[in-house]
Number of protein chains: 4
Amino acid sequence: MPVPAPNLYPDFNTIRLSHVCLNVKDLSVSKTFYTDILGFQISDETRDHVYLRAMEERGHHSVILQRSDAPGTVEVLGFKTFDDDDLDKADVYFQSKGRSTSWVDRPFQGRTLLTSDNLGIPLEFYHKMDRLESIHQKYALYRGVKPLRIDHFNCFSNDVDASVAFYNDFGFRVTEYTEDAASEKLWAAWMHRKGGVHDMAFTNGTGPRLHHVAFWVPTPMNIIDLLDLMATTGYVSNIERGPGRHGISNAFFLYILDPDGHRIEIYCSDYQTLDPDHEPIKWDLKDPQRQTLWGAAAPQSWFEHGTQFVGVGLVESTIDASPIIAP
Amino acid sequence: MPVPAPNLYPDFNTIRLSHVCLNVKDLSVSKTFYTDILGFQISDETRDHVYLRAMEERGHHSVILQRSDAPGTVEVLGFKTFDDDDLDKADVYFQSKGRSTSWVDRPFQGRTLLTSDNLGIPLEFYHKMDRLESIHQKYALYRGVKPLRIDHFNCFSNDVDASVAFYNDFGFRVTEYTEDAASEKLWAAWMHRKGGVHDMAFTNGTGPRLHHVAFWVPTPMNIIDLLDLMATTGYVSNIERGPGRHGISNAFFLYILDPDGHRIEIYCSDYQTLDPDHEPIKWDLKDPQRQTLWGAAAPQSWFEHGTQFVGVGLVESTIDASPIIAP
Amino acid sequence: MPVPAPNLYPDFNTIRLSHVCLNVKDLSVSKTFYTDILGFQISDETRDHVYLRAMEERGHHSVILQRSDAPGTVEVLGFKTFDDDDLDKADVYFQSKGRSTSWVDRPFQGRTLLTSDNLGIPLEFYHKMDRLESIHQKYALYRGVKPLRIDHFNCFSNDVDASVAFYNDFGFRVTEYTEDAASEKLWAAWMHRKGGVHDMAFTNGTGPRLHHVAFWVPTPMNIIDLLDLMATTGYVSNIERGPGRHGISNAFFLYILDPDGHRIEIYCSDYQTLDPDHEPIKWDLKDPQRQTLWGAAAPQSWFEHGTQFVGVGLVESTIDASPIIAP
Amino acid sequence: MPVPAPNLYPDFNTIRLSHVCLNVKDLSVSKTFYTDILGFQISDETRDHVYLRAMEERGHHSVILQRSDAPGTVEVLGFKTFDDDDLDKADVYFQSKGRSTSWVDRPFQGRTLLTSDNLGIPLEFYHKMDRLESIHQKYALYRGVKPLRIDHFNCFSNDVDASVAFYNDFGFRVTEYTEDAASEKLWAAWMHRKGGVHDMAFTNGTGPRLHHVAFWVPTPMNIIDLLDLMATTGYVSNIERGPGRHGISNAFFLYILDPDGHRIEIYCSDYQTLDPDHEPIKWDLKDPQRQTLWGAAAPQSWFEHGTQFVGVGLVESTIDASPIIAP
């Protein structure tokens, strides 16, 4: 199935990914990791939650750590709409697609619509989150990898064609993709709303699961500083893959695992894609530089490990996953 | 006059600044400067024009060098619309504002509407420019400052309040601004369409004139490499100001002058502003860190020199320009 | 007077500069500046002294902050010899040059010979300083500019020819120098023992005074991070000059003033000079790129301000200092 | 056997490693690799040789590419002495150690003594090499990884204890080492003359063979630029290991193979070791961070592949090499 033509006039306007809520076992252990090592700033904390933002974010949070009996699962992926009306339009839209919707109470983020995508991934949409003072020039606060903002989600999908069609319908546009020549099926796709390479990506595999959430830093030096820090503060085994550069997206990357096994990508580079006539780049599944322009081969865990969404069952992909894993 | 509320639903959709046409005396001298020193790639050249793009741009050109009897003047500032229909809507819109419009023939960029803003700055809008193959991963081509993309225009305006109101009306949103407390007039403002700090900025002064066009690079190292190169290849006197960091926009900057005196900013940092509820940051005209978070004071030339738009007369500002120039 | 031929077999072997003792008014204020902003590590502190080292130094201290009634003066410049015998040879040597010598008690640094150079600059030599555990891989300790090691001293001399001859006699070798063509006198000279551009430099001016002590960092990014930090933590006025690149030494530099007016250079680049046949580079006093390969002109203070050595009188230079100060 | 006490007063004074002569199959192919990709400058070329230097080197060459029927072998390792007399002293010294010596004719490098070490590694010593003009400020010449200078050799030795003892005798000082606790034998050692971590290192294995020759660059960004360039110009398979950071030496490293299989390290970081009382750092053979502070595990080839010295037979090590290879 070819990549669908972009839907330039979707039913409602999602402007960008916004936040993720991660279930963790020990809030104190996780908080140390996200603040001392990664360098996030705390916006608020309660007995069961820690709300975090990166250095240039003015919204209240981009990461919520939630104490949970099911640590290592993901509660929800959050998105911000352009207008308040877009929430009502989204409500109608998702119902029309057969997805159930509900209005939920979320601290700090106003009216919030909870729904799910075609595979069951829990999504929430809001328009108005509390806005905080600007801290990007408070250089004394910068620590760890000095994260600037949340960049994207990447999920395992057991049917990438279906996932791409679903998100394409409400306006996500494909920037790069990999096709399996034999089956003519999509192997992976990167889709954006905010004008970069992606807000959301899908990779073939048992799904749905979150593969990683990524945060943007401006230079490879941020990543090297983080590696030096993690390697000498007891976190060396949390480094999973990298540094290296992907062919796809041209990203200089590092993948690490948080104390509960949530995979974090530190993502550097990216490029501007906001032209509506921006042509997606097609990659050959057999091109080894698709995955790794240069750098060590990814470990097996990187292809296999993902984190489940709370209460969402798994389905195996019908496409053989071995080609992508082979060296 | 306070900053106007953003117009979130303008009559037509401009997605970003796109290109500038600069009049030059000696095409060969200019070409050497833009390719060997700055590192632009040539998309096309004719007897009278050289078309250039930066390394991640897929559109045909972001800079046009044009042989001219009026070197050191600016021909036009170019913008890209979201859809082809937006061009017709823009035509109606600018006429309604009393600006004359015409459809002009521009190589490589399809149907193009030529008009002007409230001060007479010549603007052109198009939707469809020729698209070129991706070169951002052809690392053997990278040279000079390794520019990635055009970032913004900055113009002297003799009435910043009027300029901001005019661009606000068709959807440009203010991200940062400086107000003169005494007169309650805007001294300077930064306005965006594409989700960064600005596509267009205005500064108080004799206008309209182009203060500079800026190109984006990812790290301060790009700028330091350029300084080393310029300082040892005969271009040391083309370095005007920097490196330094602005308070406004948080940009790590360098200002240089091309062989005809067109000012180029090499711009690093920036931050994401696409939230419709992104609050503009207000700066005090008396805050010295507004201009220069750190770095040497700007030379007089930086406050006074700009390049005129072809055939557009100048008007002095009614606000005294001395405070901003004083050390 | 031409640069003297290097004395490759001096009477005693000085291996490198080692430390400086700076007199300060408020030990607590100075300590904050050197640790929180510059990132030095504390080796020891008493009521009247704070001992500091940079991140790769294994010797106990390279900076001593000393509470004093004469803040803003310099107590002594310290050097390390190759062997213990070298101290006795140095004792004989300096006495033969008519300089008085004495053995002084210095905590942490063993047998120490106090003497002075031809202009009266107090120098101390030791062989054995306490050695501390390696911390260069304790990345969690890195802060501020992340200084790696002390690099050099730079002093105003009222007779640069005499200063160069004096240090040349005990083995310091000239790497770069500036000559005043008219008078055929040395204007400035850079001299090393440890195989870099300099351990000690002299510049024409009222002397003797310390112009600055320099610390080495590996990349310009260290300096830019420091500028961002100082500019937003109340130290913006302590930034005196830079960043820029010197022609001489090819150093990417920043000059800052500590709370007592001691000038610190953060020094990046340098090159290897340990070949005994390494030819010094001669600079023309009229070459503006000698001082500044690129970057803003140095402020007047940079040419005029220095810190006196305790109890050492000043002598004006007989060479007119204006050429070097003129833009 | 413990690390021997440093010999601070050796019979002759070697100041640093100087150059390597590498045998290659196709001079044109090798020249392209060393100049276009690595960025070396050509000092001279003949039908059979290309002489290269890095950007801050004033000596005529640090790499000689030599057309040969035995490509992939190493002709000789070169060292520079402090004085001309040191050559005669070295002649006497090596003969006293039972090594044959001869005076050889080498273009550009004056009187040259050819001899060999205890394992047969061919070594040559000279004092006076042609000096070239300084090019470190000719920034237009910088290309590829922008190498600044040769840094060190690393050789497989079948008896590291014997190798260390041999080099220690003529003044090389150990900075870091790995001991096999079981056998109390040295597994690997790093030895210097010029005041950095090493001029020469030995690793246990079938020897003698050259493991790699290393060139120094100031920042990790040089290495990342090289990786991007190699990955997109047909050299991706020449990347063997890295980037990563060694525990030992704290080096940020990259290992690549030239067209004949000579291994090149691009080496960043290092630290100053010129204190005669600098204590060597001991590493535990079982500490995985010794090899890799962080980064992917080294491939098998990195442990096994080395290049032979012309005409020198191999001897297997008596220590089992498997522990170092195991993950």
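Because the structure is predicted, anything quoted here is derived from the model rather than measured. (Residues numbered from 1 in each chain as written. Chains lettered and ligands numbered in written order. Predicted model: local features only at pLDDT ≥ 70, side-chain atom pairs only at ≥ 80, totals over all residues. Heavy atoms only, no water.)

A. Looking closely at the overall build of chain A. When its secondary structure is counted, chain A shows seven helices and 18 strands. Counting only C-alpha atoms and orienting by the principal axes, one finds that chain A spans roughly 50 × 45 × 40 Å. Counting the 327 residues in chain A, one finds 64% classified as buried. Contacts in chain A between residues far apart in sequence, at least 24 positions, make up 69% of those at least 6 positions apart. (Helix = DSSP H or I, 4+ residues; strand = E, 2+ residues; numbered from the N terminus. Buried < 20%, exposed > 50% of the residue type's maximum accessible area, 1.4 Å probe, protein only. Contact = heavy atoms within 4.5 Å.)

B. Representation of the side chain of Arg209(A) within the structure. For Arg209(A), the position within the fold is in strand β13 (residues 209-216). Here Arg209(A) sits buried without a salt bridge, and the closest side chain of opposite charge, Glu304(A), lies 8.2 Å off (N-O distance). (Lys, Arg positive; Asp, Glu negative; His and termini not counted. Salt bridge = Lys/Arg side-chain N within 4 Å of Asp/Glu carboxyl O.)

C. How the structure looks around the pairing of β13(A). All names here are of chain A. Burial analysis of β13 places eight of its eight residues in the buried class, the great majority of the element. Note: β13 against strand β18 (residues 307-308), two bridges, orientation antiparallel. Each bridged residue has a counterpart across the sheet, and for Leu210 the counterpart in β18 is Thr307. As paired strands, β13 and strand β16 (residues 263-268) are joined by four bridges and run parallel to one another. Along β16, the bridge assignment pairs Val213 with Ile264. (Pairing = 2+ DSSP bridges.)

D. Expanded view of the sheet that holds strand β7 (residues 112-116) of chain D. Residue and element names in this part refer to chain D. An order of β2-β3-β4-β1-β5-β8-β7-β6 is seen for the eight strands of this open sheet, with the pairing classed as mixed. The sheet terminates laterally at β2 (41-45) and β6 (102-104), the two strands that pair on one side only. When the angles between neighbouring strand axes are averaged without regard to direction, this sheet yields 30°. Note: strand β5 (residues 74-81) against strand β8 (residues 122-126), four bridges, orientation parallel. Looking at the pairing, Phe79 lines up with Phe125 of β8. Taken strand by strand, helix α1 (residues 27-37) contacts β1 (14-24), β2, β3 (49-53) and β4 (63-67), and its axis lies near 160° from that of β4. (Axes fitted to C-alpha atoms, helices over the stretch in contact; angles between N-to-C directions.)

E. Molecular detail of helix α3 (residues 160-169) of chain D. For α3(D), the tally of buried residues reaches seven of ten residues, placing the bulk of the element in the interior. A positive phi of about 105° marks Gly171(D), the residue just after α3(D).

F. Looking closely at the pattern of salt bridges. For the coordinates displayed, the defined rule picks out 92 salt bridges over all chains. Here Glu179(A) makes a salt bridge to Lys282(A), at a shortest N to O gap of 3.5 Å. Of the two residues, Glu179(A) is situated in strand β10 (residues 173-180) and Lys282(A) in strand β17 (residues 281-284); the sequence distance between them amounts to 103 residues. Relative accessible area serves as the criterion here: at 14%, Glu179(A) is assigned to the buried category. Here the residues in one salt-bridge network are Arg16(A), Arg58(A), Lys80(A), Lys128(A), Arg131(A), Asp275(B), Asp277(B) and Glu279(B), joined through shared partners.

G. Expanded view of the interface of chain C and chain D. Contact residues are listed per partner, giving 37 residues for chain C and 37 residues for chain D. Summing the contributions of chain C and of chain D, the shared interface buries around 3500 Å²; its carbon and sulfur component is 47%. In this assembly, chain C and chain D are joined by 14 salt bridges. The shortest N-O distance in the salt bridge between Arg16(D) and Asp275(C) comes to 2.7 Å. For the pair chain C and chain D, the number of links is 22 residue pairs in polar contact (both at pLDDT 80 or more). Secondary-structure elements contributing two or more residues to the side of chain C that touches chain D are β1 (14-24) and β17 (281-284) of chain C. Of the residues belonging to the side of chain C that touches chain D, the class tally is twelve nonpolar, ten polar and 15 charged. (Buried area = accessible area lost by both parts, 1.4 Å probe. Polar contact = N/O pair within 3.5 Å; in protein donor to acceptor, adjacent residues only side chain to side chain. Nonpolar A, V, L, I, M, F, W, Y, C, P; charged D, E, K, R; others polar.)

H. Looking closely at the relation of the copies chain C and chain D. When chain C is brought onto chain D, the operation consists of a screw motion whose angular component is 180° and whose axial shift is 0.0 Å, with 0.0 Å RMSD remaining. As the rotation angle and translation indicate, the two copies are arranged about a two-fold axis. Counting the interface residues of chain C, we find that 100% of their copies in chain D are interface residues as well, pointing to one common contact surface. (Least-squares fit on C-alpha atoms with pLDDT ≥ 70 in both.)

I. Just the environment of Gly306(B), in detail. Residues and elements named next belong to chain B. Its place among the elements puts Gly306 in the loop between α6 (300-304) and β18 (307-308). Note on Gly306: relative accessible area 16%, which makes it buried. Considering only alpha carbons, one finds Gly306 and Thr73, 233 residues apart in sequence, at a separation of 9.2 Å. Leave out the neighbours within four places in its chain, and Gly306 touches Phe156, Arg209 and Leu210.

J. Main features of the interface of chain B and chain A. Each side of the interface is counted separately: chain B has 37 residues, and chain A has 37 residues. Both faces considered, chain B and chain A share a buried interface measuring about 3500 Å² in area, 48% of it formed by carbon and sulfur atoms. At the junction of chain B with chain A, the criterion picks out 14 salt bridges. For Asp275(B), the salt bridge identified is with Arg131(A), shortest N-O distance 2.7 Å. At the boundary of chain B with chain A, the tally comes to 22 residue pairs in polar contact (both at pLDDT 80 or more). Sorting the residues of the side of chain B that touches chain A by element identifies β1 (14-24) and β17 (281-284) of chain B as the ones contributing at least two each. Partitioned by chemical class, the residues of the side of chain B that touches chain A number twelve nonpolar, ten polar and 15 charged.

K. Local environment of unusual backbone geometry. The step from Gly207(B) to Pro208(B) runs through a cis peptide bond, and the omega angle for that step is 0°. Omega for the peptide link from Gly242(B) to Pro243(B) comes to 5°, which places this bond in the cis form. Within the secondary structure layout, Pro243(B) lies in strand β14 (residues 239-245). The phi angle at Glu184(A) is positive, at roughly 55°, despite the residue not being glycine. Within the fold, Glu184(A) resides in the loop between β10 and β11 (185-192). Residue class for Glu184(A) comes out exposed when judged on its relative accessible area of 51%.

L. Region of interest: the packing of aromatic side chains. Here the structure, examined in full by the defined rule, presents 120 aromatic pairs over all chains. Each ring, one from Phe33(A) and one from Tyr34(A), has its centre 5.6 Å from the other, and the planes form 80°; the classification is edge-to-face. We classify Phe33(A) as buried; its relative accessible area is 0%. For the pair Tyr34(C) and Phe40(C), a centre-to-centre distance of 6.1 Å together with 55° between the ring planes defines the contact as tilted. What makes Tyr34(C) buried here is its relative accessible area of 0%. Taking relative accessible area as the criterion, Phe40(C) reaches 1% and is therefore assigned buried. The structure contains a cluster of three or more aromatic residues connected by ring pairs, namely Phe12(A), Phe79(A), Tyr93(A), Phe94(A), Phe125(A), Phe153(A), Phe166(A), Tyr167(A), Phe170(A), Phe172(A) and Phe202(A). One Lys or Arg, Arg149(A), reaches over the ring of Trp216(A) and ends 4.3 Å from the middle of that ring. (Phe/Tyr/Trp six-rings, centres within 6.5 Å; stacked < 30°, edge-to-face > 60°. Lys NZ or Arg CZ within 6 Å of the ring centre and 35° of its normal.)

M. Main features of helix α4 (residues 220-231) of chain A. Between its first and last C-alpha, α4(A) extends 17 Å over twelve residues, near the 16 Å set by a 1.5 Å rise per residue. Structurally, the start of α4(A) carries an N-cap: the backbone nitrogen of Met221(A) is 2.9 Å from a side-chain oxygen of Thr219(A). (Expected span 1.5 Å × (residues − 1).)

N. Spotlight on the state of the cysteines. Counting across every chain of the model gives zero disulfides over all chains. The thiol of Cys268(B) is unpaired, and the distance to the nearest cysteine sulfur, on Cys268(A), comes to 11 Å. On the accessibility criterion, Cys268(B) (2% relative accessible area) is buried. Free cysteine: Cys155(C), not disulfide-bonded; nearest cysteine sulfur from Cys21(C) at 15 Å. Accessibility expressed as a relative area gives 0% for Cys155(C), which makes it buried. (Disulfide = S-S within 2.5 Å.)

O. Region of interest: the sheet that holds strand β2 (residues 41-45) of chain C. Residue and element names in this part refer to chain C. Ordered by their spatial adjacency, eight strands build an open sheet running β2-β3-β4-β1-β5-β8-β7-β6, and the pairing between neighbours is mixed. Each edge of the open sheet is held by one strand with a lone partner, namely β2 and β6 (102-104). Averaged over neighbouring strand pairs, the angle between their axes works out to 30° when direction is ignored. As judged from the seven bridges shared by β1 and strand β5 (residues 74-81), these two strands associate in the antiparallel manner. Following the sheet pairing, Val20 is matched in β5 by Leu77.

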